[in-house]
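# Reading the structure
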Amino acid sequence: MMNTTMADIMQVINRYAPKGFSPKAGLILGSGLSSLADQITNPVSIPYQAIPGLQAGAVSGHASLLVLGYLNNIPIICLRGRLHLYEGVSYESIRILVRIVKRLGASAFIITGAAGSMRPEVGPGELMLIQDHINFHPGNPLVGANDETIGPRFVGMEDAYDPVLQELMETAANRLNIPMSKGVYISTLGPSFETPAEIRAFRQWGADAVGMSIVPEVIIARHAGLRVVCVAAITNLAAGLSEEKITHEGTLQFGEMGARKLVKLIPEFLKDMSNVLD
Ligand code: HPA
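So, a few notes on the structure that sits alongside this text. (Residues numbered from 1 in each chain as written. Predicted model: local features only at pLDDT ≥ 70, side-chain atom pairs only at ≥ 80, totals over all residues. Heavy atoms only, no water.)

### Comments concerning the side chain of Asp208
Relative to the helices and strands, Asp208 is located in the loop between helix 4 (196-205) and strand 8 (209-211). On the accessibility criterion, Asp208 (14% relative accessible area) is buried. A polar contact is formed between the side chain of Asp208 and the side chain of Arg119, at a distance of 3.1 Å. Other than its neighbours up to four places away in sequence, Asp208 contacts Gly116, Ser117, Met118, Arg119, Met128, Gly183 and Val184. (Helix = DSSP H or I, 4+ residues; strand = E, 2+ residues; numbered from the N terminus. Buried < 20%, exposed > 50% of the residue type's maximum accessible area, 1.4 Å probe, protein only. Polar contact = N/O pair within 3.5 Å; in protein donor to acceptor, adjacent residues only side chain to side chain. Contact = heavy atoms within 4.5 Å.)

The following block contains the structure:
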């Protein structure tokens, strides 16, 4: 797959990108969270299909576009439609998307995603700021030959979730009176949801939220030197914690509640962030 080089990919991206466009941040929107992308002004959209080497996804609720534009007057690049490993896409496709963000000049990557809550007091519609993760995907997106021009072979993960950006996100949420809990995210491959026994085990490991994404993107972003901040939109209580059965339709429905908060929170955060980062 890597007979397509980043240079080939950037040649395509630069055909679409407005001259001199340089995003401050990348933004990835998860299931049911795409309404934030509708707020982007002066948008230029690039279909994933146009990007060499990329396998585009096909899960309902995920449109597949890279959108270059502005939120709160801050230039951003939005990955509208996430690629999930459960679709059978390769890590290579996810690497390409995250590395485009870096190559266009962004210094931060804002990651959102739907998640199940393992804390009974944090229910559907709530936001959770992710402070750390447990990679329970059956692999690591950096396996394979390392490209030293992108990042080092071995990557530290102590401050994977940037402490300064976390603080800015909390400040923005407080200012907007949006309650936001904090916690540890554990990733699963999916597409089946977890069993109640798995959820009991994950809680003992110290996880607070569970989902099928985020972690591969965070690892790739950290490798490339992007600063990461991540907010999960809780769409359900995890398996066994409530009488409700977990469904993708429920994810989309309650994702919409989280999305309404993110539509306010992310632009506010971006404004603060652009004052702090160069
Ligand atoms: N488990 C895994 N992924 C999810 C969930 C869940 O309960 N809710 C939303 N995405």
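### Structural notes on the nonpolar core
Counting residues in hydrophobic clusters, the biggest one holds 49 residues, and the most contacted among them are Ile13, Ile51, Leu66, Leu79, Ile100 and Phe109. The set of elements that each furnish at least two residues to this core consists of helix 1 (6-16), strand 3 (65-71), strand 4 (74-80), helix 2 (91-103), strand 5 (108-117), strand 6 (127-135), helix 5 (215-223) and strand 9 (227-237). At seven residues, helix 2 tops the list of elements feeding residues into this core. Filtering out sequence-adjacent residues up to four positions away, Phe109 remains in contact with Gly26, Leu27, Ile28, Leu79, Val98, Val101, Glu217, Ala221, Leu226, Arg227, Val228 and Val229. (Core = buried A, V, L, I, M, F, W, Y, C linked by side-chain atoms within 4.5 Å.)

### Focus on the packing of helix 3 (residues 163-175) against helix 6 (residues 248-276)
Any two packed helices are characterised by the angle at which their axes cross and by the distance between the axes. Direction vectors running N to C along helix 3 and helix 6 enclose 130°, while the axes themselves pass 9 Å from each other. With respect to helix 6, the element helix 3 is oriented oblique. When the axes of helix 3 and helix 6 are compared, the crossing they make is right-handed. Residue-level inspection shows Val164, Leu165, Leu168, Met169, Ala172, Ala173 and Arg175 of helix 3 in contact with helix 6, the latter providing Leu265, Ile266, Glu268, Phe269, Asp272, Met273 and Val276. (Axes fitted to C-alpha atoms, helices over the stretch in contact; angles between N-to-C directions. Parallel < 35°, antiparallel > 145°, perpendicular 65-115°, else oblique. Left-handed = near helix turned anticlockwise from the far one by under 90°.)

### Observations concerning the site of the ligand
Every residue lining the ligand is accounted for by Ala114, Ala115, Gly116, Phe193, Glu194, Val210, Gly211, Met212, Thr235 and Asn236. The side chain of Glu194 places a nitrogen or oxygen atom 2.8 Å from a nitrogen atom of the ligand. Thr235 places a side-chain nitrogen or oxygen 3.4 Å from a nitrogen atom of the ligand. In isolation the ligand exposes 260 Å². Once the protein is present, 96% of that is buried. Secondary-structure elements contributing two or more residues to the shell around the ligand are strand 5, strand 8 and strand 9. It is strand 5 that provides the largest number of residues to the shell around the ligand, a total of three residues. Residue composition of the shell around the ligand, grouped by class: five nonpolar, four polar and one charged. (Near = heavy atom within 4 Å. Areas by Shrake-Rupley, 256 points an atom, 1.4 Å probe, with all protein chains shown as cover. Nonpolar A, V, L, I, M, F, W, Y, C, P; charged D, E, K, R; others polar.)

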